[in-house]
Amino acid sequence: MSSQIVSRRVLLRFGALAGAAGLAPSLGACVTDDLGTGAALPEKQSALDVMPVLLVATTRKPVGNPPRPPYFSSDRGRGLSFAEVRLSPPDRSLLGKVSSVITGDWTIGAVPKFETGSGAATAFSQAALGRDVLIYVHGYRESFESAAISAARLSDGIRFGGVSGLFTWPSAAATLDYNYDRESALWSRDAFEDLLKALAASPSGGRINIVAHSMGTLLTLETLRLLRAEAGEAAMARIGAVVLAAPDIDFDLFSNGVARLGPDVSKITVISSTNDRALELSAALAGGVRAGAADRAKLEALGVRVADASDYGGGLINHDLFLSNPDVQGVVKRAIARGAGV
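Please read all numbers here as calculations on a predicted model, not as lab measurements. As a convention, each chain's residues are numbered from 1 in the sequence order in which they are written. Owing to the predicted nature of the model, reporting of local features is limited to residues with pLDDT of at least 70; listing and counting of side-chain atom pairs is limited to 80 or more, with chain, interface and lining totals taken over all residues. The basis for every side-chain value is the complete set of non-hydrogen atoms in the structure, without hydrogens or water.

Participant: Could you give an account of the packing of helix α4 (residues 120–128) against helix α7 (residues 189–200), with specific residues and numbers?
Facilitator: The relative placement of two packed helices is expressed as an angle between their axes plus a distance between the axes. Between α4 and α7, the least distance of the axes is 8 Å, while the angle of their chain directions is 40 degrees. As summarised for this structure, α4 and α7 are arranged oblique, according to the angle between their axes. Considering the relative orientation of α4 and α7, their crossing is right-handed. Residues A121, T122, F124, S125 and A128 of α4 touch α7, and the partners they reach there are D194, L195, A198 and L199. Each residue gets one label: Ala, Val, Leu, Ile, Met, Phe, Trp, Tyr, Cys and Pro are nonpolar, Asp, Glu, Lys and Arg are charged, and the others, such as Gly, are polar. In terms of residue class, the contact of α4 with α7 is made up of six nonpolar, two polar and one charged. Axes, fitted as lines to C-alpha atoms, cover a helix only where it is in contact. Angles between the N-to-C directions of the axes lie from 0 to 180 degrees. By definition, any uninterrupted DSSP run of H or I lasting at least four residues is a helix, any uninterrupted run of E lasting at least two residues is a strand, and each is numbered from the N terminus. Roughly parallel covers angles under 35 degrees, roughly antiparallel covers those over 145, roughly perpendicular covers 65 to 115, and oblique covers all other angles. In this scheme the handedness of a crossing depends on how the near helix is turned from the far one: anticlockwise by less than a right angle means left-handed, clockwise means right-handed. Here a residue-residue contact requires only that any non-hydrogen atoms of the pair lie within 4.5 Å.

Okay, structure coming up:
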């Protein structure tokens with residue numbers, strides 16, 4: 001009983017901090033990834049801004065058939081579903097930028113295409129049309145809507161020129177459901193692997209880039225282990241960049257998972273921070289040092305690239321800078337460029 005009380009207190013504290021995350025100030029320091037700070041992100045439009053369509057693969061249960069708002073719930077669905085989501089971009093005017101602080105930025109407009117079952121992974125691959133794909137895998141406590149908006153913010157923020165995608169698993173989107181979320185993430189491994197296999201098997205080419213956040217990094221690392229073991233080097237060759245932002249994984253588990261990837265470990269970039277308050281609370285709840293809060297030298301010893309964001313310590317949470325800070329987004333952009341051989 002006492003351990004349940006402690007866990008509840010930890011999660012309640014996490015909820016209070018998460019609610020205040022929007023108050024964190026912007027920071028001016030530079031994040032490096034052993035390649036220097038790099039140039040500022042170009043001001044050209046992203047492909048998503050030109051054609052605001054997000055390709056979604058999900059293990060969430062659809063709300064209706066075809067889905068209606070909120071489109072996908074926190075419940076576990078029956079296998080993988082594919083959806084084409086039409087987004088409404090933010091107002092780029094000065095007035096729009098001011099009002100977006102209150103009203104938000106990207107919004108979901110409609111879901112005109114939907115398919116569930118054995119053909120969902122193939123439908124996603126066909127919709128990508130052989131172009132480079134950026135797949136965002138969200139973390140703990142995310143709804144379908146919040147995950148879709150984060151995927152749009154990421155792709156638009158780095159001015160990605162290919163197809164924007166989202167793999168979303170059945171998070172309960174509730175502070176006290178950490179264990180449910182972790183089990184749901186791991187339950188989704190086979191479906192995510194099916195998606196990556198379908199994309200890798202596409203004869204028209206295109207690189208698969210993955211940016212995973214927090215608990216989504218556990219799902220991603222476990223799935224890549226499966227993909228390498230079952231589909232081999234040919235499938236892994238289609239993987240471009242793998243960016244693990246604030247990985248919420250026990251360090252020992254992370255170390256074992258990375259070791260299983262062999263030479264493909266060179267594709268991984270970790271965005272870490274030793275002052276990530278969300279990971280501190282996760283460690284208190286789950287035990288063990290989280291990989292995203294580990295010392296940089298320990299991470300580099302595993303063969304991964306590391307962008308240490310610890311100097312951004314002025315924020316309250318410091319858990320999702322890759323969605324908001326241009327310097328950290330530059331780390332993601334450079335990782336994708338390396339994966340493409342640029």
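Next comes the rest of the description.
Participant: Report on the pattern of salt bridges, specifying residues and quantitative values.
Facilitator: Criterion for a salt bridge: a side-chain nitrogen of Lys or Arg within 4 Å of a carboxyl oxygen of Asp or Glu. Overall, the coordinates contain 10 salt bridges when judged by the stated rule. Put simply, E222 and R189 hold a salt bridge, and the shortest N to O gap is 3.5 Å. With E222 in helix α8 (residues 216–236) and R189 in helix α7, this pair connects stretches of sequence that are 33 residues apart. Buried, partly exposed and exposed residues are distinguished by accessible area as a fraction of the type maximum, computed with a 1.4 Å probe on protein chains only: under 20%, between the cut-offs, and over 50%, respectively. Here E222 falls in the buried class, since its relative accessible area comes to 12%. In this structure, the salt-bridge partner of K197 is E230, at a minimum N-O distance of 3.4 Å. Residue K197 is located in helix α7, and its partner E230 is located in helix α8; the two are separated by 33 residues in the primary sequence. Counted as one network, the salt bridges with shared partners bring together E84, R86 and K113.

Participant: Please provide a residue-by-residue account of the environment of S324, values included.
Facilitator: With respect to the helices and strands, the residue S324 is situated in the loop between β9 (305–308) and α12 (326–339). A C-alpha to C-alpha distance of 9.9 Å links S324 and S150, two positions 174 residues apart in sequence. S324 has contacts with R153 and Q329, leaving out every residue within four places of it along the chain.

Participant: Can you explain the nonpolar core? Please cite residues and give values.
Facilitator: Core analysis: the largest hydrophobic core is formed by 54 residues, its most contacted members being I135, V137, F167, F192, L195, L224 and F254. In this structure, L195 is in contact with A57, L80, A121, F124, I135 and F167, ignoring residues within four places of it in sequence. For this analysis, a nonpolar core means a set of buried residues of the types Ala, Val, Leu, Ile, Met, Phe, Trp, Tyr and Cys, connected via side-chain atoms within 4.5 Å. F72, V85, V211 and L321 belong to the second-largest nonpolar core, a separate cluster that totals 38 residues.

Participant: For the packing of aromatic side chains, give the residues involved together with the corresponding values.
Facilitator: Ring geometry is summarised as follows: Phe, Tyr and Trp rings, the Trp one being its six-membered ring, pair when their centres sit within 6.5 Å, and such pairs are stacked at plane angles under 30 degrees, edge-to-face over 60 and tilted between the two. One pass over the full model with this rule turns up seven aromatic pairs. By way of ring pairs, the aromatic residues Y71, F72, F114 and F144 are connected into one cluster. Note on criteria: charge over ring means Lys NZ or Arg CZ within 6 Å of the ring centre, with the direction from the centre no more than 35 degrees off the ring normal. Looking at R76, its charged tip hangs above the ring of W187, at a distance of 5.8 Å from the centre. Cation over ring: K298 sits above F251, and NZ or CZ is 4.4 Å from the ring centre.

Participant: Describe the packing of α7 against α8, with residues and values.
Facilitator: For the pair α7 and α8, interaxial distance at closest approach is 9 Å and the crossing angle is 40 degrees. In terms of orientation, α7 and α8 fall into the oblique class. The element α7 and its partner α8 pack so that their crossing is right-handed. Contacts between α7 and α8 involve R189, D190, F192, E193, L196, K197 and A200 from the first element and L219, T220, E222, T223, L224, L226, L227, E230, A231 and A235 from the second.

Participant: Which residues make up unusual backbone geometry, and what values go with them?
Facilitator: Geometrically, the link from N65 to P66 is a cis peptide bond, its omega value of 5 degrees lying close to zero. As for its placement among the helices and strands, P66 is situated in the loop between β1 (53–62) and β2 (72–88). Following P69, the chain continues to P70 via a peptide bond in cis, the omega torsion being 5 degrees. Mapped onto the secondary structure, P70 falls in the loop between β1 and β2. Here L129, not a glycine, exhibits a phi torsion of approximately 55 degrees, which is positive. By the secondary structure assignment, L129 is in the loop between α4 and β4 (133–137). Notably, S214 is not glycine yet its phi reads approximately 55 degrees, a positive angle.

Participant: Go over the sheet that holds β2 with me, naming the residues and quoting the values.
Facilitator: Two strands pair under a simple rule: DSSP has to find at least two bridges between them. Taken together, the nine strands give an open sheet; going across it, the order is β3-β2-β1-β5-β4-β6-β7-β8-β9, and neighbouring strands pair in mixed fashion. The open sheet has two edge strands, β3 (107–116) and β9, and neither has a second partner. Each adjacent strand pair in this sheet contributes to an overall mean axis angle of 20 degrees, direction not counted. Relative to strand β8 (residues 268–272), strand β7 (residues 239–245) runs parallel, the two being bridged by four bridges.

Participant: Describe the pairing of β2, naming the residues involved and giving the relevant values.
Facilitator: Judged from the eight bridges that link them, β1 and β2 form a sheet pairing that is antiparallel. Residue T58 lies in a different strand from β2, and its bridge partner there is S81. One ladder, built from seven bridges, connects β2 with β3; its direction is antiparallel. By the bridge assignment, S81 is partnered in β3 with T116.

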